[in-house]
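Residue strings, one per chain:
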Amino acid sequence: MTRKTFKYSIIFLAALGLFGLLILAGCEGVSGPRGDNGPPGENGPDYQDPTPENRFFSLAVTNKSMAEHNGAPKLYLSFDGEHTAAGDTVVSVRLEDTDPVPAVDGVDGGSQEWAGPATTVKLYKAAGTFNFIEAATVRSAFDEEYVYFQVKWTEVANEQYGLEVGLSDRPAYLIYPQGGTGNAAVWDYEEGNEDRVLLLFEITPVTRYASDGCFVTCHTDDEAIERNYHATRAGGEWMDVWMWGAALTNPTGYLRDQYMTSSPSLNVLDDNGLPLLLSNMTLERDNLGVITRRQPTYQALGDPNLNSSYPLWPWQIVRVSTSGWVAGSQVPAFISNPNPSNSAGDVEAQGTFDADSGTWTVEMRRARRTGNGDDVQF
Amino acid sequence: MRKWYMVAFCLITAFGILAMLGCEGDAGQPGNQGLVGPPGDSGIDLTKLQPADRPIGVGLTNSSFNGVEGVKSLWLTFNEAARGRPDTLAASRLENPPLIDGIDGTEAEWGEKQSRVRLAFLNPDPNVLDPTIYDLVARAGYDDENVYFFFSWKEINITVRTEDGRDTTLVDAIPSRAVRELFFDNTAQIIDDIDTLQEGGGGQDLITDTTFFKWVRIDTVSADTLICIDSIPSTPEFDSLCVLANVVADSSLLWRSWREGEDRLVVFFNGAEDPVANWLDLAFAEFFDFPGGANLPAGYDVDVWAWGSGTSDPVYIADDWHITSSGKRPDLGAPPYLDNYVLPDSTPRFMHFRDPNYKTELNLDTDLFPFWYYDAVGYSFSGWQKNRGCFVAGYVTTIPSGSRADVYAASTFESATGWVLELKRARRTNNGDDVVF
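Below you will find a few notes about this structure. (Residues numbered from 1 in each chain as written. Chains lettered and ligands numbered in written order. Predicted model: local features only at pLDDT ≥ 70, side-chain atom pairs only at ≥ 80, totals over all residues.)

Points about the overall build of chain A
Phase 1: For chain A, the helix and strand inventory stands at three helices and 24 strands.
Phase 2: At 36 Å, chain A has a C-alpha radius of gyration far larger than the 21 Å of a compact globule built from 378 residues.
Phase 3: The principal-axis extent of the C-alpha atoms belonging to chain A is close to 160 × 50 × 40 Å.
Phase 4: Relative to its 378 residues, chain A shows a buried fraction of 41%.
Phase 5: In chain A, the proportion of contacts linking residues at least 24 apart, taken out of those at least 6 apart, comes to 62%. (Helix = DSSP H or I, 4+ residues; strand = E, 2+ residues; numbered from the N terminus. Rg over C-alpha atoms; globule rule 2.2 N^0.38 Å. Buried ≥ 20, exposed ≤ 12 C-beta atoms within 10 Å, placed from the backbone. Contact = placed C-beta atoms within 7 Å.)

Some remarks on the overall build of chain B
Phase 1: Along chain B, the regular secondary structure elements total three helices and 29 strands.
Phase 2: Burial status across chain B gives 40% buried among its 437 residues.
Phase 3: Contacts in chain B between residues at least 24 apart in sequence constitute 68% of all its contacts with a sequence separation of at least 6.

Topic: the sheet that holds strand 10 (residues 188-190) of chain A
Residues and elements named next belong to chain A.
Phase 1: Here three strands make up an open sheet; going across it, the order is 10-9-21 and the pairing antiparallel. Because the sheet does not close on itself, it has two edges, and the strands there are strand 10 and strand 21 (330-332). If you compare each strand with its neighbour and ignore which way they point, the axes differ by 30° on average.
Phase 2: Strand direction decides the pairing type here: strand 9 (residues 173-175) and strand 10, joined by three bridges, are antiparallel. Bridged to Tyr173 within strand 10 is Glu190. (Pairing = 2+ DSSP bridges. Axes fitted to C-alpha atoms, helices over the stretch in contact; angles between N-to-C directions.)

Overview of the interface of chain A and chain B
Phase 1: Taken together, the contact pairs 42 residues of chain A with 47 residues of chain B.
Phase 2: Broken down by secondary-structure element, the contributors of at least two residues to the side of chain A that touches chain B are helix 1 (3-25) and strand 20 (317-319) of chain A.
Phase 3: Ranked by residue count, the leading element in the side of chain A that touches chain B is helix 1 of chain A, at five residues.
Phase 4: Taken together, the residues that form the side of chain A that touches chain B break down as 16 nonpolar, 18 polar and eight charged. (Nonpolar A, V, L, I, M, F, W, Y, C, P; charged D, E, K, R; others polar.)

As for the nonpolar core
Proteins that are soluble and globular tend to have nonpolar side chains buried together.
Phase 1: Counting residues in hydrophobic clusters, the biggest one holds 81 residues, and the most contacted among them are A:Leu59, A:Met239, A:Trp242 and A:Met364.
Phase 2: Those residues within four positions of A:Met239 in sequence are excluded, and the remaining contacts are A:Leu200, A:Phe201, A:Glu202, A:Ile203, A:Val206, A:Thr217, A:Thr232, A:Tyr259 and A:Met260.
Phase 3: Counting 64 residues, the second largest nonpolar core, distinct from the first, contains B:Leu76, B:Leu99, B:Trp279 and B:Trp307. (Core = buried A, V, L, I, M, F, W, Y, C linked by C-beta atoms within 7 Å.)

Re the pairing of strand 28 (residues 407-414) of chain B
Residue and element names in this part refer to chain B.
Phase 1: Relative to strand 29 (residues 418-426), strand 28 is paired through eight bridges, and the arrangement is antiparallel. Counterpart to Ser411 in the pairing with strand 29 is Leu421.
Phase 2: Between strand 28 and strand 29, which pair antiparallel and follow one another directly, the connecting turn spans three residues.

Observations concerning helix 3 (residues 279-287) of chain B
Residue and element names in this part refer to chain B.
Phase 1: Among the nine residues that make up helix 3, eight are buried, leaving the element largely enclosed by the rest of the structure.
Phase 2: Buried within helix 3 are the following residues: Trp279, Leu280, Leu282, Ala283, Phe284, Ala285, Glu286 and Phe287.
Phase 3: Structurally, helix 3 contributes buried residues whose contacts are with strand 1 (54-64), strand 2 (69-77), strand 16 (262-270), strand 17 (302-308), strand 18 (319-324) and strand 19 (327-330).
Phase 4: Taken from the residues just after helix 3, Asp289 is the one with a positive phi, measuring 55°.

Shown next as structure tokens:
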């Protein structure tokens, strides 16, 4: 390589280096514009009331005699859609906006009306003697506001036990006694009876309810055991008691909403508010506890001896006559109130009896949250 | 060598010029579209948010219509951090609803917050007795659907010695339910045809407006009797007027209001977002007929929950009223009671089915209340034992409905602990005459 060639090589390399520096030092173009925003995400789900918590409950049905009822002391009520309606599990179906609302009319609209299956539950002797009703079908549903129940059962006749298939709607009556004159001081009291269905729920956790069901509150059938019925086992433990009766409550469109505490002396209390049933009995006792006066307070218009029956409404009554009664005349021991209020009137219920099949269909509806401390909240 | 320096200088200069003058590169391509956003949060029910704080007023009476003890500056707050103070009623969010049974469920039902409220006598009328109600304890709670209130208070006996040396009880520490108990006045008589009254038995008519005076009480009755009219509301100048007239009496229509008052607790809520400063003064004056009251300005609507031991307690409600610039009015719906006393003829409309003479001065312990509508029969003009002093209930308990009946209530009274009253109402009743929580 000559000296001249070397020089040009150096110049060439220097120029090449400068060119490289120029490239490196030259300004970069600006960034392209920001791309368009992506499309908005999907709407969040609509507000939906929380699904009620699954819980245990109890069921009992009678045929005429309240004291002799069969029941399922512990059933499982599933709201979460993760259980199957079978055995002792009743599935309460969430009703969507497109689903029909079950009509509380005592008429079974089947799965189409209830949007879900029924569970056939096995019933056992709960108290007294067996009433031979060994099964009932139960449906339930709920929406944002209400929870609905349907209970169906078929009566069974048994001559030995005096059980008949038929509508039993004769609860308590006051009967004018044999040999009485004018208006006898002490009328006979006929306990009477009617077909009934009861549902029981925990209001607050009840000791051993999850294992023993409602047996923990009643019917040990052993009078020697202290506090053996109609009470929970510890203070602050309350049960909600829904009692529907063919004569006492059915004409009103409500059921008798009650609650049970740990006090056996209080027995089962009516929920607060204007009660569904008003007593029609004036009762007085002497110092020894002997009844000295037991008379109806009211009678139906037109009595005496009209033999008035249930329902006897407030607008049908007048003060009881002091004379003119004959032996055997009867007056209902309760006045039916069509306007129970507050907590006493928050469970609507209606039942119908199919005389051909001997089957009762009773349907109920209650607000999921009543805001009453004597009610279970769903 | 110098040439090389010149070459290097030129190159550097050229590089500098190029660097300064070199063109900026082209803009890049637009970026890609962003990804789809995440789903929105779950919806919320706006009706279940925490209620707004608001001022409230509370008034209490003992056996009286307007002898009001109360508080006009109680701040109801739903702030979880707030604590109850004499001037602040702090509501707790309740997991489980309290039992509305009139029995103090204490903290187990209501939570820890409570207020011991200072009471003051509020009626400016110096002739009205201060009932000296004391120990008002208030609690409040709410959940998604309802608001709940608890009140307990105590009463005292106030007795005065009259000029004849006898003690007369003005107010009792007992549950007073006898609102307007009617008393058969066996010392007075009444007449009709008041328009026959003329001065001195003849000449100019003394009273020409007979609308109000179909019946007037007088002290004695016979032909040509001196008749003294106790008072004539529409013509006060004729107070204690005595005239001689020949009249015919109907002595079966003489009932006077015997007792007026009941125990009451009244709560005032303002439905306006920006209430006038003295709205509670105006509301108290309007509702309790205080002297010197003035109407609320237009556009204001005060919700009034008026619990009465006689009028509303038997049907488990607080009577729901509201006050506007037009005055006080009951909310829409059926009332919890019907008035059984109409002044112009002094005749009860109804009597108990055991009447005449179900309650007289010989059996004062007989309880007339509640006087249920199904115990009421039409008034009988005959059969009253006038010399015994008979009593008839001044109102009939009925079944309320509608907006008038949407405040549920239950109470108990014990002589040692006084009244316990619990109230419950839906946060939204969807009635325009109710405040929304």
